[in-house]
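The lines below spell out each chain.
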Amino acid sequence: MAYKSAFDFSVIKSEFEKAGIKHQFIPLIWKHVLQNPNCQWDEIPSLPSAAYPLLNSKFKLSTSALHSVINSNDKVTTKLLIKLQNGEFVEAVIMRYDTRLGKYDGKPRTGGPRSTLCISSQVGCKMGCKFCATGSMGYKSNLSSGEIVEQLVHASRISTIRNVVFMGMGEPLNNYASVVEAIRVMTASPFQLSPKKITVSTVGIIHAINKLQTDIPNLNLAVSLHAPVQDIRCQIMPAARAFPLERLMNALREYQNNSQQKIFIEYIMLDGVNDEEQQAHQLGKLLETLQVVINLIPFNPIGTLSHFSTSNDQKVTRFQKILRGNYSESTILLN
């Protein structure tokens, strides 16, 4: 029998209810596990007696294991390779940065040192984006909510995590139920992350976008747009055929009307594909009825699988100037 993760809330809640144990004890279990990673179930104090045999027979402190930890030379990023109970692997990345560095909307930033965790929601991905290493491996399986939360547990023992972004392996909104449940755990005790510190990135799963704001208010939404017109988007993101830009823009307007929050737009800069001046104007016009934050992302080649090259600095700067000079009322650029 495969053990379940203690961080799979719906599973442990159901088992506790069947055993007549109040689910209010669950956050106490999580807190003890976070503080005592090598503990045994019997060492957790103040639980009802019926909880101990139940935990021992059906649950593990963690169903995943930290397989390797790789720090970048500058210690800014730490890549966690995590082995799942079924033998598959997923990656999570801790990104350390000082929010006072760089600019926001062309102005100096405030803040200080922060750690953001980029986590995975699936093993592989169905979307098949041609610029993405995960897209080239195909889809293997969804992660459970517990396996998603365990990435935060592993990372929290390395660095204090202030923000979580669902931008690792997989399309989060194709694993909707597990992602939503994982976020609800992350925003509850003992993690207590604010929904405003969590960002879910999607290629544009329209029906799920419409549902997300109702299920988790105040969450940040990021859209992997990457092209301002449908034909280019379909060339580099085959799954975009199912999500026409007009319908996607309508869904984003509805989301923003309900949430009153800016939407993050991810746009990877591909030389000769989506980085021309005309496309900068098309992007600005496409988004001018929304309040957005655009992140122009340098392309990171994926070895022999790469069909693309990175836009040069001059093209990126010109692209930025067009957006900032002509569409700044609705658009904020990260740089």
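On a predicted model such as this, the values are computed, not experimentally measured, just so you know.

Conventions used here
- Residues numbered from 1 in each chain as written.
- Predicted model: local features only at pLDDT ≥ 70, side-chain atom pairs only at ≥ 80, totals over all residues.
- Heavy atoms only, no water.
- Buried < 20%, exposed > 50% of the residue type's maximum accessible area, 1.4 Å probe, protein only.
- Helix = DSSP H or I, 4+ residues; strand = E, 2+ residues; numbered from the N terminus.
- Arc of directions from axis to C-beta.
- Contact = heavy atoms within 4.5 Å.
- Phe/Tyr/Trp six-rings, centres within 6.5 Å; stacked < 30°, edge-to-face > 60°.
- Salt bridge = Lys/Arg side-chain N within 4 Å of Asp/Glu carboxyl O.
- Axes fitted to C-alpha atoms, helices over the stretch in contact; angles between N-to-C directions.
- Parallel < 35°, antiparallel > 145°, perpendicular 65-115°, else oblique.
- Left-handed = near helix turned anticlockwise from the far one by under 90°.
- Nonpolar A, V, L, I, M, F, W, Y, C, P; charged D, E, K, R; others polar.

K.L.:
Help me get a handle on helix α9 (residues 277-287), residues and values and all.
P.N.:
Buried within α9 we find Q279, A280, L283, G284, L286 and L287. Within α9, the buried residues cover an arc of 160 degrees as seen down the axis, which keeps them to one side. Seen from the buried face of α9, the exposed residues on the opposite side, beyond 90 degrees, are Q278 and K285. Here the buried face of α9 lies against α7 (230-236), α8 (245-259), β14 (263-269), β15 (292-298) and α10 (313-326).

K.L.:
Account for the packing of aromatic side chains, naming residues and giving values.
P.N.:
Applying the stated criterion across every chain, the model contains five aromatic pairs. Note on F7 and W30: the rings are 5.9 Å apart at their centroids and 20 degrees apart in plane angle, and the pair reads as stacked. Here W30 lies in helix α2 (residues 26-35) and F7 lies in the loop between β1 (4-5) and α1 (9-18), a separation of 23 residues in the sequence. We note that F7, like W30, is buried. Among the aromatic residues, those joined into a ring-pair cluster are F7, F9, W30 and F191.

K.L.:
Now, about the pattern of salt bridges: what can you tell me, with residues and values included?
P.N.:
For the structure shown, the criterion picks out nine salt bridges. Linking K18 and E15 is a salt bridge whose minimum nitrogen-to-oxygen distance equals 3.5 Å. Taken together, the positions of K18 and E15, both in helix α1 and three residues apart, correspond to about one turn of that helix. Here K18 falls in the exposed class, since its relative accessible area comes to 61%. Among the salt bridges present, the one from R318 reaches E277, with a minimum N-O distance of 3.3 Å. Of this pair, R318 sits in helix α10 while E277 sits in helix α9, and the two are 41 residues apart along the sequence. With a relative accessible area of 42%, E277 lands in the partly exposed category. Each of D271, D275, E276 and K315 takes part in salt bridges that share partners, so that together they form one network.

K.L.:
How would you summarise the packing of α1 against α2 if you had to cite specific residues and measurements?
P.N.:
Where α1 contacts α2, the axes come no closer than 11 Å and their chain directions differ by 125 degrees. As summarised for this structure, α1 and α2 are arranged oblique, according to the angle between their axes. In this structure, the crossing between α1 and α2 has a hand that is right-handed. Where α1 approaches α2, its residues F9, I12, K13 and F16 are matched on the opposing element by I26, I29 and W30. Looking at the contact of α1 with α2, its residues break down into six nonpolar, no polar and one charged.

K.L.:
Describe unusual backbone geometry, with residues and values.
P.N.:
Following S189, the chain continues into P190 via a peptide bond in cis, with omega recorded as 5 degrees. Mapped onto the elements, P190 comes out in the loop between α5 (176-186) and β12 (198-202). Although it is not a glycine, K75 sits at a positive phi angle of roughly 65 degrees. As for its position among the elements, K75 is in the loop between β3 (65-71) and β4 (77-83).

The analysis is restricted to geometry; functional conclusions fall outside its scope.
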